[in-house]
Amino acid sequence: MRDMNQIRNIVILTGAGISAESGIDTFRGGGGLWEQHRVEDVATPEAFARDPDLVQRFYDMRRAAIQEKLPNDAHFALARLDAGWPGELLIVTQNVDDLHERAGARRVLHMHGEHLKVLCTACDTRSPWRAPLLDRPLCPACGVPALRPDVVWFGEMPYQMDAIYAALRGADLFVSIGTSGAVYPAAGLVRDARDLGAATLELNLERSQGSHWFAETRLGPATQLVPQWVEQMLASGPDNNA
Ligand code: APR
């Protein structure tokens, strides 16, 4: 991998694995989130049209559950990097929890949406939201009871792809943390990063489906690997080698 002291601009992709040690189920691990609910039962526009109450109850459960979880050492380490890194840095997360923000990270982009936001299907307004949706509350902006979770469902376009590709174009380093590489376009970002000349590093509990695209893979729990990597970056970051 390129010398750490040549790295100035970093894009970090995180997945469910970074929140696993905070007690939030991953999607494809044993007993994972989707196994209690078949994917097509909850995370598609068709499911929402067919059985809105099931989908609302599922997300009401998830929205309440994450509010009881806490960031772990991996989230705090990325927040330290975000605060202390003088170059460009963007945390692109597939996660819909707010643990990156609660750990103090600022430069975060939720490409699959957020549990603690709702989208009004009548006026397209997004609003912060912590309560249930099952009882059809009114949209704070237009007053119509047409709120849905602001989560990107299968078959829908992930958010802010332009901003993600713009960040990749300037990146010297692309780091993937806690993702299986099973879902596109997130799973393809490492190839785009390589094609654009960035160094690539994977930090994961086990080899992901995209491991072969990474110049370096480190295997282990995020709460061990991420703080180690962050300390390495801050010790050898751009300003330490001016
Ligand atoms: N530390 C590091 N990695 C971990 C840990 C841990 N403690 N625990 C699990 N992992 C790894 C697993 O090995 C796996 O590779 O995290 C990854 C989790 O993979 P998934 O469950 O598939 O989650 P993710 O990759 O985020 O899923 C992507 O799929 O269902 C959709 O929209 C949903 O955003 C999600 C997307």
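See above for the structure.
None of these values were measured; they are calculated from a predicted model.

### As for the packing of aromatic side chains
- All told, the structure shown has four aromatic pairs when counted by the stated rule.
- Plain terms: the ring middles of Tyr 59 and Trp 153 are 6.2 Å apart, the flat faces sit at 50° to each other, and that makes the pair tilted. Of this pair, Tyr 59 sits in helix H5 (residues 52–66) while Trp 153 sits in the loop between strand S6 (147–151) and helix H8 (161–169), and the two are 94 residues apart along the sequence.
- Among the residues examined, Trp 153 registers a relative accessible area of 2% and is labelled buried.
- Ring plane angle 20° and centroid distance 6.3 Å describe the contact between Phe 174 and Phe 214, whose orientation is recorded as stacked. Separated by 40 residues along the polypeptide, Phe 174 in strand S7 (residues 173–177) and Phe 214 in the loop between strand S8 (199–204) and strand S9 (216–219) bring together distant segments of the chain. Pair check on accessibility: Phe 174 and Phe 214 agree, each one buried.
- In textbook terms, an aromatic cluster arises when at least three aromatic residues are bridged by ring pairs, as seen for Phe 48, Phe 58, Tyr 59 and Trp 153.

### A word on the site of the ligand
- In the neighbourhood of the ligand, 22 residues make up the surrounding shell, with Ala 16, Phe 27, Arg 28, Thr 179 and Ser 180 lying closest.
- In this structure, an oxygen atom belonging to the ligand sits 2.9 Å away from a side-chain N or O atom of His 112.
- The backbone of Leu 205 places a nitrogen or oxygen atom 3.2 Å from a nitrogen atom of the ligand.
- Relative to its unbound accessible surface of 740 Å², the ligand loses 92% to contact with the protein.
- Of the residues that constitute the shell around the ligand, the class distribution is nine nonpolar, ten polar and three charged.

Reading the values: rules and limits
Residues numbered from 1 in each chain as written. Predicted model: local features only at pLDDT ≥ 70, side-chain atom pairs only at ≥ 80, totals over all residues. Heavy atoms only, no water. Phe/Tyr/Trp six-rings, centres within 6.5 Å; stacked < 30°, edge-to-face > 60°. Helix = DSSP H or I, 4+ residues; strand = E, 2+ residues; numbered from the N terminus. Buried < 20%, exposed > 50% of the residue type's maximum accessible area, 1.4 Å probe, protein only. Near = heavy atom within 4 Å. Polar contact = N/O pair within 3.5 Å; in protein donor to acceptor, adjacent residues only side chain to side chain. Areas by Shrake-Rupley, 256 points an atom, 1.4 Å probe, with all protein chains shown as cover. Nonpolar A, V, L, I, M, F, W, Y, C, P; charged D, E, K, R; others polar.

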